[in-house]
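Chain by chain, the residues run as shown.
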Amino acid sequence: MDRTGCWVHREDVLPAYGFVDGDDLLTLVNRSPRFVLSPEYAPTDLVEVDTGLPHTPEECVPGHLQCLRSEAAGALRLMLDAMANAGHEGYVHSAFRSFTRQCEVFRGWSHSQGETFCHAVTSSAIAGHSQHQLGTAVDLFTEAWSHGGEMMRPGFGCTSAGQWIDAHSWEFGYVLPYPMPLAERAPGSRCRRRSGGEDVIDPRTGYRYEPWHLRYIGVEAAARFHRAWLASGPDSATEITLEQWIRRERGIDADVDLPVCDGCSCGLCTTFHDAAAPVDAPRSSRHGGSPRTTGPCGDQALLIGADGAPLANTATPHIESLQARREHSGVRVLVTVSIPARTVTQTPVTSRVAAVYGPDATYLSVAPFNRTGAIPRAYDDLRGAWRLALGPRRSTQWPWRAALRASNTPMWVNGANQRLPALQGLVTIEVVIPPVGDGVRAALVRDGHVEGPPHDAPIR
Ligand SMILES: [Zn+2]
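Residues numbered from 1 in each chain as written. Predicted model: local features only at pLDDT ≥ 70, side-chain atom pairs only at ≥ 80, totals over all residues. Heavy atoms only, no water.

Novice: Could you give me a rundown of the pairing of strand E6 (residues 213-216), with the residues and numbers involved?
Specialist: Residue alternation in E6 divides its side chains into two sets, His-213 and Arg-215 and Leu-214 and Tyr-216, and both sets are buried. Both strand E4 (residues 137-142) and E6 contribute to a ladder of 3 bridges, which runs antiparallel. Of the residues in E6, the one forming a bridge with Ala-137 is Arg-215. The pairing of strand E5 (residues 174-175) with E6 spans 2 bridges and is antiparallel. Looking across to E6, one finds that Tyr-174 is bridged to Tyr-216. (Buried < 20%, exposed > 50% of the residue type's maximum accessible area, 1.4 Å probe, protein only. Helix = DSSP H or I, 4+ residues; strand = E, 2+ residues; numbered from the N terminus. Pairing = 2+ DSSP bridges.)

Novice: So what's going on with the sheet that holds E4? Which residues, and what values?
Specialist: Strand order in the open sheet made by the 4 strands is E3-E4-E6-E5, with antiparallel pairing throughout. Bordering the open sheet on either side are strand E3 (90-94) and E5, each of which pairs with just one other strand.

Novice: Before we move on, can you summarise the state of the cysteines with the specific residues and values?
Specialist: Where two cysteines share a covalent bond between their sulfur atoms, that bond is called a disulfide. Inspection of the entire model under this criterion finds 2 disulfides. A sulfur-sulfur distance of 2.2 Å marks the disulfide that ties Cys-60 to Cys-67. Across the S-S bond of Cys-60 and Cys-67 the torsion is about -80 degrees, and the bridge reads as left-handed. This pair shows no difference in class: Cys-60 is buried, exactly as Cys-67 is. Here Cys-158 engages in a disulfide with Cys-191; their sulfurs sit 1.9 Å apart. As the torsion about the S-S bond is roughly 85 degrees, the Cys-158-Cys-191 disulfide counts as right-handed. You can see Cys-158 sitting in the loop between helix H5 (143-146) and helix H6 (160-168) and its partner Cys-191 sitting in the loop between E5 and E6, a full 33 residues away along the chain. For Cys-191, a relative accessible area of 14% translates into the label buried. (Disulfide = S-S within 2.5 Å.)

Novice: Break down the environment of Pro-359 for me, citing the residues and quoting the values.
Specialist: With respect to the secondary-structure elements, Pro-359 resides in the loop between strand E12 (355-356) and strand E13 (386-392). Separated by 75 residues in the primary sequence, Pro-359 and Pro-434 place their C-alpha atoms 5.4 Å from one another.

Novice: So what's going on with the coordination of the zinc ion? Which residues, and what values?
Specialist: His-132 (NE2), Asp-139 (OD) and His-213 (ND1) make up the full set of protein donors to the zinc ion, lying at 2.0 to 2.1 Å. Owing to a relative accessible area of 2%, Asp-139 belongs among the buried residues under this scheme. (Donors = N, O, S within 2.8 Å, 3.2 Å for Na, K, Ca; no water.)

Novice: Hey, could you go over the pattern of salt bridges for me, with residue numbers and the actual values?
Specialist: Applying the stated rule across the entire model yields 24 salt bridges. The salt bridge involving Glu-430 is made with Arg-332; its shortest N-O contact spans 2.8 Å. You can see Glu-430 sitting in strand E16 (residues 425-433) and its partner Arg-332 sitting in strand E10 (residues 331-339), a full 98 residues away along the chain. For Glu-430, a relative accessible area of 22% translates into the label partly exposed. A single salt-bridge network, built from bridges that share partners, covers Arg-185, Asp-202, Arg-204, Asp-235 and Glu-239. (Salt bridge = Lys/Arg side-chain N within 4 Å of Asp/Glu carboxyl O.)

Novice: Help me get a handle on the pairing of E10, residues and values and all.
Specialist: Most of E10 is tucked away, with 9 of its 9 residues classed as buried. The alternating pattern of E10 places Val-331, Val-333, Val-335, Val-337 and Ile-339 and Arg-332, Leu-334, Thr-336 and Ser-338 on opposite faces, both of which are buried. Pairing of strand E9 (residues 318-326) with E10, which is carried by 8 bridges, proceeds in the antiparallel orientation. Looking at the pairing, Arg-325 lines up with Arg-332 of E10. Note: E10 against E16, 9 bridges, orientation antiparallel. Bridged to Ile-339 within E16 is Gly-425.

Take a look at the structure:
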């Protein structure tokens, strides 16, 4: 815990249902508590990038000795040669980092650089959650860039070297897992921010734009990813990142998982407690036998089962009241919902003002609310997630949906189809829908099914 009271829950860093396999080139390692590397994990085939000579994980410390797994290092040398032929002398800033080293890096971000834990968590990975521990990730710049000051300053992606890496790294088995968030891009550019765009976390990856961070997944897999990325529609709302591609390859649903300690960083309290962990397990005992109610999010934390999916809640939300009134652009619907603790919901989230559905938009083709120029995207049902559904009175169609949360949630979460913790208690959600005749109908849906009786109301 830091001085602002933000911290990460132990269960989120040490999941009871096991760590991921670091030796697997396509393993998912992200900011969520589901996909974590063991503190003991280190590759057994680390070599120094330049020489290809084997070294132990302890010897491989960035700044002193840059190491990658043997296959990734061979591919990087080929890529550096090709870069040099294109006129760019590559500079490896950081490659393999052990769990211990990542701890030090993170501590550096959160303390010596004067940042808080929660700020650090948005910029640096918590140990166990870094792709650098895989021995296949590298932060690659150029010599010229390295002499220009702080390495991770903005703009590298738009240098000719940055654009070369973006265009060619896949040919060598490397991919860029953390592209610029879609909503922040200047039209027609993947490296330049639109005016007013911000350096925010990409809802698809849980990370900010890192045009220097490359991960080796193998030449064949990188070619398959590249084809899938092209097919997904670059610059459209359905553009995938490595995260979404691996999830599809491995049958993992949703676009992304909630990050560890996101409650600190973006107003969403999103710690997943592990409900499957016995209360008397050693790592829980320090919480005095009640691990389920501790942590930064208290009982707003979501519960996940051994398979990583949210556990069904025995208490279910229900609609308390429904009102609808005519406005110039359509019908403003106000639905008050009683929501028990630990209810899972999903995007799209409405803003403090309301979610506004355009004339032809449905939840399967809605532009993320309150984003100028946002491209429509679909929000398919995610297993176990509750949503508010709206339709014309007496209809069985529910073309408009909204998350069981509103207000303080940053709007960029709508950039991904993802599970979120619902708000708790009596919550009023406002949605503006197109004109629908003389009345509206509201219901709560889970897994695409209406749960509980629908409510009808006339339009006033
Ligand atoms: Zn990196």
